[in-house]
Amino acid sequence: MIRITVDRSVCAGHALCAARAPEVYRLDDEGFCNSDGELVAPRLEAQARLGARHCPESAILLVDEPSPPGAGA
Amino acid sequence: MNTKPAIPAHVSPERVVDFDRFQGPEVQRCPHRQVSELFARSPGLFYTPGDRGHWVVASAALARDMLRQPEKFSSDPVHNVANRRNPPTLPNQCDPPLHTELRRIINPFFAPNGVQRLEEQIRAMACGLIDGVLARGQCEFVGEIAQRFPVELFLRMADAPLDDRELLIAKVDRFTRASQVQDRLAALEELADYLKSLIALRETSPGDDLVSLAIHGKVQGQPLSSDQKLGMVTLLFLGGLDTVAAMLSFIIAYLGQHPEHYSQLVTEPGRIGDALEELMRVHGVAGTERGVTADMRYEGVDFKAGDRLLFMPHVYGLDPDLVEDPMRVDFDRPLSSHLVFGSGPHRCVGSHLARLEMRVFLEEWVRRIPSFAVNHEGDLPTRGGLVWSPIQVPLVWPSPGDPRSAP
């Protein structure tokens, strides 16, 4: 599994993450990325990486996490 | 004639490059190609004696780094007296934390979800403008369409009379065109008179329009001062009026001159969103300034407090260190990196609205005009200044019912 980390002090509200990967990234009412700390479903990993790559501020870091217990191999 | 200021003593001679963003030969034709070529053979940070003397940030990577450090490179005119306006425009001419609070007032209006509700209005305006010239088989795009489109939208967002359109276009054009600081300030003064009366109207009878929203915001729980209100509303007008018009004009001119690119959009209108990002990358229009807050050494350059810095997002998308083979326009690029809307806390608040306006406009343009051409031999003349723009973009297309008029 991967987890989204967003440096909110760097996010400037370009919102390209949500434009490229709307199923993964959500915006708050002011247009800033609101998905910090969320786990990404395996089927959306490619989208998550696409959205992160498009962040002009490099505010999004995707962190690999060991699968939770009982989640299967 | 202006006499050029002497090069300050702390500027080393190998960092001096002559570049006048208002009148230099680079901005008169093909400014994106010419200025990116100038930047490619210049130091990443150079000093020009042009326009009263200032630094130019010629590297996208340095620009991105510097724009994120408002404590060193400030937007407050206190550190950049050459850019002082009275009152300052806001929130662009201030730093965090005040900037953060002022942005919060308008962020929701301009967030992607916020601007979405304007799509149908924007589409109706685009259709009206294109239909107005369609049967003629020709138009001068800058004056007849591009300048009208965002101005009309802005007047609607501000709930101001649409009859004010011509008057406002003239005022904004005077401001962005002016190469002398006194002309620029005089133009701003005239614009301020118009905006002050609009503000006064909304103070007594507020509505759900953008001006009412901006002037009824609060900072640290306190209402905005009258200067702050004027500063906010001035920027909302200036930011939206000329920039979209200029970029849309560059983009339409490009598509008219590159039928192989245009036909891709006609065949697959669903690709317009991605293609637009690539077209914006190579057609940036607006710059921004900062002032150095203290004597410091940065990336091997000695700065003095009060040094003026010009950033050129116009061409950062053409920096070969940011984008491979940057002059090649390719709608299939996996990533069209650019800093057209700036970077850091001052990222253009209108970026999502600008994208929406241009996407919707292009969707309606391709629907009605399957092929068109620029009716001009050679490179189109452009103007430099605060906002780059083609001066005129004469277009021709086969008008419905008249096969002889094919371009």
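Relevant structure appears above.
The text that follows walks through the structure, step by step, so that each part is easy to find. (Residues numbered from 1 in each chain as written. Chains lettered and ligands numbered in written order. Predicted model: local features only at pLDDT ≥ 70, side-chain atom pairs only at ≥ 80, totals over all residues. Heavy atoms only, no water.)

Turning to the pairing of strand 1 (residues 2-6) of chain A, a few remarks are in order. Residues and elements named next belong to chain A. Only one face of strand 1 is buried, namely the one carrying I2, I4 and V6, since none of R3 and T5 on the opposite face is buried. Note: strand 1 against strand 2 (residues 39-40), two bridges, orientation antiparallel. The residue bridging I2 from the neighbouring strand is V40, located in strand 2. In the sheet, strand 1 pairs with strand 3 (residues 60-64) via five bridges, with the strands oriented antiparallel. In the strand pairing of strand 3, T5 is matched with L61. (Buried < 20%, exposed > 50% of the residue type's maximum accessible area, 1.4 Å probe, protein only. Helix = DSSP H or I, 4+ residues; strand = E, 2+ residues; numbered from the N terminus. Pairing = 2+ DSSP bridges.)

In this section: the pattern of salt bridges. In a structure, side chains of opposite charge can pair up when their charged atoms sit close to one another. Residues and elements named next belong to chain A. Tallied over the full model, the rule gives 41 salt bridges over all chains. Measuring nitrogen to oxygen at the nearest pair gives 2.0 Å for the salt bridge that ties E38 to R26. With E38 in the loop between helix 1 (16-20) and strand 2 and R26 in the loop between helix 1 and strand 2, this pair connects stretches of sequence that are twelve residues apart. The exposure class of E38 is partly exposed, given its relative accessible area of 23%. The salt bridge partner of E45 is R49, with a shortest N-O separation of 3.8 Å. (Salt bridge = Lys/Arg side-chain N within 4 Å of Asp/Glu carboxyl O.)

Take the interface of chain B and chain A next. Facing 18 residues of chain B, the contacting portion of chain A comprises 17 residues. When residues of chain B are sorted by the area they lose upon contact with chain A, R68, L335 and R347 of chain B head the list and together hold 28% of the total. Inspection of the region where chain B meets chain A yields three salt bridges. Where R20 of chain A meets D274 of chain B, a salt bridge forms, and the shortest distance between an N and an O atom there is 3.3 Å. Contributing elements (two or more residues each) for the side of chain B that touches chain A: helix 3 (98-110), helix 13 (272-281) and helix 15 (351-368) of chain B. The element that contributes the greatest number of residues to the side of chain B that touches chain A is helix 3 of chain B, accounting for four residues. When the residues that make up the side of chain B that touches chain A are grouped by side-chain class, the tally is five nonpolar, five polar and eight charged. (Contact = heavy atoms within 4.5 Å. Buried area = accessible area lost by both parts, 1.4 Å probe. Nonpolar A, V, L, I, M, F, W, Y, C, P; charged D, E, K, R; others polar.)

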